[in-house]
Amino acid sequence: MRGLLPLSSALALVWPLQAHALFDDDEARKAIIELRQRVEINRQAAEAANAATNRTAEEARDGQTTTRRSLLDLANQIEQLRAEVARLRGQNEQLTREVSELQRQQKDVQLGLDERLRKVEPVKVSLDGKDFTASPTEKRDFDAAMEILRRTEFDAAAQAYQQFLKRYPDSGYSAAALYWLGNAQYAGREYKAAVETHRRLVTHFPEHPRTPEAQLAIANSQVELKDTKAARRTLEDLVKAHPQSEAAGAARERLSRLR
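The sections below set out a description of the structure shown in this document. Nothing here was measured: the structure is a model prediction, and the numbers come from that model.

**Observations regarding the side chain of Gln185**
Of note, Gln185 is situated in helix H4 (residues 174-187). Judged by its relative accessible area of 3%, Gln185 is buried. Within the structure, the side chain of Gln185 is placed 2.7 Å from the side chain of Thr197, a separation counted as a polar contact. Dropping the residues within four chain positions of it, Gln185 is found in contact with Ala158, Gln162, Glu190, Ala193, Ala194 and Thr197.

As structure tokens, this is what we get:
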């Protein structure tokens with residue numbers, strides 16, 4: 001029996017070892033539990049981070065999709081604006097052409113109106129020291145008669161002056177027309193007609209600058225008609241009525257030669 005320890009002694013030896021083992025197991029369990037807790041926390045953190053990353057990626061994808069959609073919409077709007085600008089440019093060019101055409105038509109109308117006004121609007125005339133107004137057609141017809149006379153077409157000129165006096169009986173050209181009509185008749189050897197015409201001038205326009213010359217022309221026609229007595233009387237009347245005129249000087253000279 002020798003060599004065996006008493007039960008109490010054996011238990012005393014074993015208890016510390018068991019207590020130590022039990023103590024170590026508790027620590028291990030705690031460590032394991034803490035490790036598990038840290039692993040779980042890390043897992044949850046990883047999952048949270050992964051979820052956040054996924055959300056960020058999804059948001060980024062959504063943002064990219066939205067951006068692409070916005071860029072596409074913007075591109076469509078730009079294209080629409082370009083088309084609208086092109087349409088408006090075309091309309092503007094058309095309007096410009098229409099405005100230009102309207103301006104041209106307005107200019108033509110204005111020119112036509114001005115031309116019509118020129119045909120009827122009185123013009124100022126200065127002739128033989130006299131100022132008066134005449135219609136454009138009146139001036140044109142008188143100038144035309146004068147042009148015929150300058151071509152020494154005396155019969156045609158006489159007709160032109162007679163037509164003028166008939167057409168414009170109250171014209172400011174009347175005295176001049178009578179004077180040149182008488183001269184055309186004299187040149188055409190229509191002496192009696194010339195006397196009558198110039199006498200009309202002397203009677204109706206006694207103060208006209210051409211009146212002394214008309215009286216001298218009457219005397220010349222009377223001389224051609226062999227009516228010397230009448231010619232002398234006409235020249236004497238001329239000298240008496242217009243003593244300072246050039247025609248009076250010529251009348252005095254002719255009176256000295258008339259017998």
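**Focus: helix H3 (residues 154-167)**
Taking 1.5 Å per residue as the helical rise, H3 with its 14 residues ought to reach 20 Å, and the 20 Å between its terminal C-alpha atoms agrees with that figure. Of all the residues in H3, the buried ones are Ala157, Ala158, Ala160, Tyr161, Phe164 and Leu165. Axial view of H3: buried residues confined to an arc of 160°, hence all on one face. Among the exposed residues of H3, those pointing more than 90 degrees away from its buried face are Gln163, Lys166 and Arg167. Against helix H2 (136-150) and H4 lie the buried residues of H3.

**Details of a nonpolar patch on the surface**
On the surface, Leu71, Leu74 and Ile78 cluster together into a nonpolar patch covering about 260 Å² of accessible area. By secondary structure assignment, the location of Leu74 is in helix H1 (residues 7-120). Classification of Leu74 as partly exposed rests on a relative accessible area of 42%.

**Observations regarding the environment of Tyr186**
Among the structural elements, Tyr186 can be located in helix H4. A C-alpha to C-alpha distance of 9.9 Å links Tyr186 and Ala158, two positions 28 residues apart in sequence. In contact with Tyr186, not counting residues within four places along its chain, are Tyr191, Ala194, Asn220, Ser221 and Glu224.

**So, the pairing of strand E2 (residues 130-134)**
Of the pairings in the sheet, the one linking strand E1 (residues 123-127) to E2 comprises five bridges and is antiparallel in character. If you follow Val123 over to E2, its bridge partner there is Ala134. What sits between E1 and E2 in their antiparallel hairpin is a turn of two residues, with Asp128 showing a positive phi close to 55°.

**Topic: the nonpolar core**
Judged by nonpolar contacts, the single largest core of 28 residues is most densely connected at Phe142, Ala157, Tyr161, Phe164, Tyr173, Ala177 and Leu201. Elements with a contribution of two residues or more to this core: E2, H2, H3, H4, helix H5 (191-204) and helix H6 (211-224). Examining the composition of this core, we find that seven residues originate from one element, H4, more than from any other. Not counting chain neighbours up to four residues away, the residues in contact with Leu201 comprise Ala175, Leu178, Tyr179, Pro206, Arg210, Thr211 and Ala214. Formed by ten residues, the second largest nonpolar core is a distinct cluster that contains Leu216, Ala231, Leu235 and Leu258.

**A few points about H4**
Between the first and last C-alpha of H4 there are 20 Å, a value that for 14 residues agrees with the 20 Å anticipated at 1.5 Å per step. Within H4, ten of the 14 residues are buried, leaving the element largely enclosed by the surrounding structure. Among the residues of H4, Ser174, Ala175, Ala176, Ala177, Leu178, Tyr179, Leu181, Gly182, Ala184 and Gln185 are the ones counted as buried. The secondary structure elements touched by the buried residues of H4 are E1, H2, H3, H5 and H6.

Rules and cut-offs
- Residues numbered from 1 in each chain as written.
- Predicted model: local features only at pLDDT ≥ 70, side-chain atom pairs only at ≥ 80, totals over all residues.
- Heavy atoms only, no water.
- Helix = DSSP H or I, 4+ residues; strand = E, 2+ residues; numbered from the N terminus.
- Buried < 20%, exposed > 50% of the residue type's maximum accessible area, 1.4 Å probe, protein only.
- Polar contact = N/O pair within 3.5 Å; in protein donor to acceptor, adjacent residues only side chain to side chain.
- Contact = heavy atoms within 4.5 Å.
- Expected span 1.5 Å × (residues − 1).
- Arc of directions from axis to C-beta.
- Patch = residues over 30% accessible without salt bridge, like charges linked within 9 Å, V, L, I, M, F, W, Y side chains within 5 Å.
- Areas by Shrake-Rupley, 256 points an atom, 1.4 Å probe, with all protein chains shown as cover.
- Salt bridge = Lys/Arg side-chain N within 4 Å of Asp/Glu carboxyl O.
- Pairing = 2+ DSSP bridges.
- Core = buried A, V, L, I, M, F, W, Y, C linked by side-chain atoms within 4.5 Å.

Keep in mind these numbers describe shape, not what the thing actually does.
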